[in-house]
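Architecture and fold: a report
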2 protein chains.
Amino acid sequence: MRIALAQLNYTIGDFETNKVKIMDAVQRAKREKVDLVVFAEQAICGAPAYDLLNKVTFLGLGEDALVEIASCCDGIAALIGLPIQKNNRTVSAAAFIQNRKILRYVSKKKVVWRDEAYHLSCGDGCEFVTLCGHKIAVVIGHDIEDEQEYVSYADTVINLAASPYYRAVIEKRYEELSRRAYTMNKNFIFVNQVGGQTDVVYDGSSAVFNCYGEAIALARSFEEDFVVVDIDAKNEPLEIPYQHKTVNVYRAIRLGLRDFFEKNGYKKACLGLSGGIDSAVVAAIAAEVLGPENLKVLMLPSQFSSDHSVEDALLMADSLGLEYDVIPITKAYETIMDTLKPVFGNLPFDVAEENIQARLRCVMMMAVSNKFGHILLNTSNKSELAVGYGTLYGDNTGVISIIGDLYKSEVFSLARYINHNREIIPERILLKEPSAELRPEQKDSDALPPYDVVDAILYRMIEEGQHREEIINAGFDAEVVYKIYGMILRNEQKRYQFCPTLRVSSCPFGKGRVMPITSKYGF
Amino acid sequence: MRIALAQLNYTIGDFETNKVKIMDAVQRAKREKVDLVVFAEQAICGAPAYDLLNKVTFLGLGEDALVEIASCCDGIAALIGLPIQKNNRTVSAAAFIQNRKILRYVSKKKVVWRDEAYHLSCGDGCEFVTLCGHKIAVVIGHDIEDEQEYVSYADTVINLAASPYYRAVIEKRYEELSRRAYTMNKNFIFVNQVGGQTDVVYDGSSAVFNCYGEAIALARSFEEDFVVVDIDAKNEPLEIPYQHKTVNVYRAIRLGLRDFFEKNGYKKACLGLSGGIDSAVVAAIAAEVLGPENLKVLMLPSQFSSDHSVEDALLMADSLGLEYDVIPITKAYETIMDTLKPVFGNLPFDVAEENIQARLRCVMMMAVSNKFGHILLNTSNKSELAVGYGTLYGDNTGVISIIGDLYKSEVFSLARYINHNREIIPERILLKEPSAELRPEQKDSDALPPYDVVDAILYRMIEEGQHREEIINAGFDAEVVYKIYGMILRNEQKRYQFCPTLRVSSCPFGKGRVMPITSKYGF
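Since we're looking at a predicted model, the values are computed, not measured.

Let us look at the relation of the copies chain B and chain A. Overlaying chain B on chain A yields an RMSD of 0.0 Å, the required transformation being a rotation through 180° with an accompanying axial translation of 0.0 Å. Taken together, the turn and the small shift mark the pair as related by a two-fold rotation axis. For chain B, the smallest separation between a C-alpha atom and the rotation axis is recorded for Gln497(B), amounting to 2.2 Å.

Next up, the structure:
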């Protein structure tokens, strides 16, 4: 049986484009004498579609597209994911088409992903089809975990998925597929979506494992792909590609940013280049993805900016060939302070004045964005967002955040990876001590230990959900642990108003981690 | 059988305070010779607790509190809601306590509320207990809709709920309780939470209906209450109180704002008073809830502000006895424009300059907020948020929005209600035409019809989910309908970064309506 894995990049709600892509893949599969072509879960509509999944018109357009797709499936079978209505509720289904007929719908039973928990109802789970003498179990998404449903009957398991990327998920999926294939003595075929959908990135990485647990077909990660394999033939086992985690994070961010711009019809971006590492990394990635000609960087020095800040930012803009403007905020800051003088009186300089500078930079960046149509890129990292460094309506702004799910130490790793061929980010930027430069001699480490320590604590608290006592028992300073915990709790409000953030971890702030704002819980 | 309805205001995660409240109510019930005291769903922990519901420590603290509560239930039975672990998943349960023993847990089957869909698993649903010769069905939340589960066995149905307020829900609940009680010939007892939890407001309105469908006990709406009724006695039927919808909306907002401040430990607030109706309504409510001495208003005129704007704002501040500051933004605006001159060149005045003014006001308001610790109240309404009037990082800012789920016409109704005894909001403010005053002679109606028309269209699109063709067929101008629809779609990004908004409608933006940002869906 010749099977094609059609790993495509869909756009949510763009039924026409998705349909054409799918039909092109069917035609290619027919040319390549394929018996069965498999598409991802929710291929026809794109995912996650949130409330659209509960609109009758949205579902109707999906079924219309399916009928058209079926009409071109002469002499071939296909499995295609789409949401359908069942007992007045929406389920995620796989349509099985054979020789132009839609023969049945398999529906997903395990609705476990946070982004669809409210929108999808539980379907019936695994069902079987027979094709070319194979007994095939069709499972969608996490239904693959219900092994007892298919262990005894099928010889081949096909898993349609819309499984988002997060650090280490690709290796984890391969391992599980290989283990299941080997222990159950079956072929396993996994077909995933690929592409960025606002904050979600699907990595693709579709694959086929034979009953010895060997990979016999591997689609690329972070790109569209079309792979054909004959599961009855003798296939040479393939080596599972290994990628350093930083490389995959880099590819995920690149894809997420590219698709956010492409699918929204955006072309040009801008960002504030401070001379620090975060904005340097964002600028380097954006220049590569959008082209240096589509990126404008802004230097916004104040009286507290060190000389090297603008110098380093200019160096970087030059090395990337970026258009830039230097917009000093000192005069505007002074005028604002003059205006506020009757209100502030002689009260000493504090966080209010610091935030005025950060917010004034936002006014300037958004002014340029509004005037010239550049999309403002946010430059915050996850460590800052966790402890509440960063100013609401100041540097915490932008249309999309591309490194907001990376801890500061991960931003450093990414910077070093970006520089692995040539020095794109000036070495000085990598070596200087992080500072917001909102008051004289300010350093990020004034109130907290260095970032490697902070990040280790944050990772345990957020990603691993460890209790404070566990972290202290692991050898971290109790006072620091309690302080950081308090800072995380207090800053839920700021994070609530943060922009969409490309998700690359298993516990991203925003849609991936929802805490009450008003709460007395402190354990 | 004497039953007490303990309708209390809980704080999320504040197990100690919630426990003491519950134990006080148990003691009172014992003094009043009650056989069974009933508390709301998730009483012990408060709701909605989101990701906290999946923390083992959080659940453990709830069970510890329950054990203590049980220990004071000598000679009395109690039903108390709390989340528990069942098969490694969290379910919403009701603990049945009799004479100091926790006898069993009933668990909720229908998890239908969006805010808990991901966090709660489905339990087993309705179970029965026998007390004082009554066969009682215990159901949690929407499990009351599974009538077949209890129709034949029980004579009395007790429904523990955490049912949030939205317009008309109180009348709807009374009607359904009365209908069920009458058609099934049973007593129905409904106990709800009361109080604000960030953007959610529980209205209370607990009630008992006898088997004739008559109300025989009614707890107050929007306040704590403790009501005792003997369901075996002959009870005079009570009249269902009627409240105009605007009155209930007003009470909901008042409660939501009060609890947001109390539960977060906030005292003082500030807001920008523009001379328009939205900020006037927010100021009037905030002055009543927080006390005029805790509210500071800011007038932030620019060169485009009309004379009457500051005058009317001053009139209002005086009439309420509010502290105020006038902070003109003209000079700072001019300095910013000077700074941007080399970048903007001679490009004409457009939305960039309009937004600079709105954002400069945000800089000033947040500066005052940061300097003096006042919590900034947002003043946007739902019509603006829908069509994207309002500036991101400008007037779309604040820690909480209290009228952001009210259409402009509803804000007018609320203003008239606020003025029903004495003119708190100057009549001139109610009569003037809405304008953002960001360019000469600007009016909100420049690009769109008057708000009553816009609001009627928005209501059909958002609350009723009507298709554009339906709205046009109802007699609305096709061009306007399409234009508004396009504006709603385009502004998803702005709403994503909007602050928490007190929910008073069945379809509030934010957590109550989640749309993809990147989507080509336009049907």
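Our next topic: the packing of aromatic side chains. Two aromatic rings are characterised by how far apart their centres lie and by the angle between their planes. All names here are of chain A. Under the defined criterion, the tally for this structure stands at 26 aromatic pairs over all chains. Judged by centre distance (5.8 Å) and plane angle (75°), the rings of phenylalanine 261 and tyrosine 266 are edge-to-face. Judged by relative accessible area, which is 2%, phenylalanine 261 ranks as buried. Between the NZ or CZ atom of lysine 511 and the centre of the ring of tyrosine 50, over which it lies, the distance is 5.0 Å.

So, on to the pairing of strand S1 (residues 2–7) of chain A. As a general feature of sheets, a regular strand has side chains that alternate between the two faces. All names here are of chain A. Summarising burial for S1: 5 of the 6 residues are buried, a large majority. Looking at chain direction, S1 and strand S14 (residues 225–230) are connected through 6 bridges and run antiparallel. Counterpart to isoleucine 3 in the pairing with S14 is valine 229. In this structure, S1 lies alongside strand S2 (residues 36–38), joined through 3 bridges in parallel fashion. Residue pairing across strands places isoleucine 3 opposite leucine 36, the latter belonging to S2.

Okay, the interface of chain B and chain A next. Every contact between the two is made by 80 residues of chain B and, on the other side, 80 residues of chain A. Here chain B and chain A share an interface that buries about 7100 Å² over both sides, 66% of which is from carbon and sulfur atoms. At the boundary of chain B with chain A, the tally comes to 6 salt bridges. One salt bridge in this structure joins Arg114(A) and Asp51(B), with 3.0 Å as the shortest N-O distance.

What follows concerns the confidence of the model for chain A. For chain A, the mean per-residue pLDDT works out to 96, and 100% of the residues sit at or above 70. Predicted as a complex, the structure gets a pTM of 0.96 and an ipTM equal to 0.95.

What counts and how
- Residues numbered from 1 in each chain as written.
- Chains lettered and ligands numbered in written order.
- Predicted model: local features only at pLDDT ≥ 70, side-chain atom pairs only at ≥ 80, totals over all residues.
- Heavy atoms only, no water.
- Least-squares fit on C-alpha atoms with pLDDT ≥ 70 in both.
- Phe/Tyr/Trp six-rings, centres within 6.5 Å; stacked < 30°, edge-to-face > 60°.
- Buried < 20%, exposed > 50% of the residue type's maximum accessible area, 1.4 Å probe, protein only.
- Lys NZ or Arg CZ within 6 Å of the ring centre and 35° of its normal.
- Helix = DSSP H or I, 4+ residues; strand = E, 2+ residues; numbered from the N terminus.
- Pairing = 2+ DSSP bridges.
- Contact = heavy atoms within 4.5 Å.
- Buried area = accessible area lost by both parts, 1.4 Å probe.
- Salt bridge = Lys/Arg side-chain N within 4 Å of Asp/Glu carboxyl O.
- pLDDT = per-residue confidence, 0-100.

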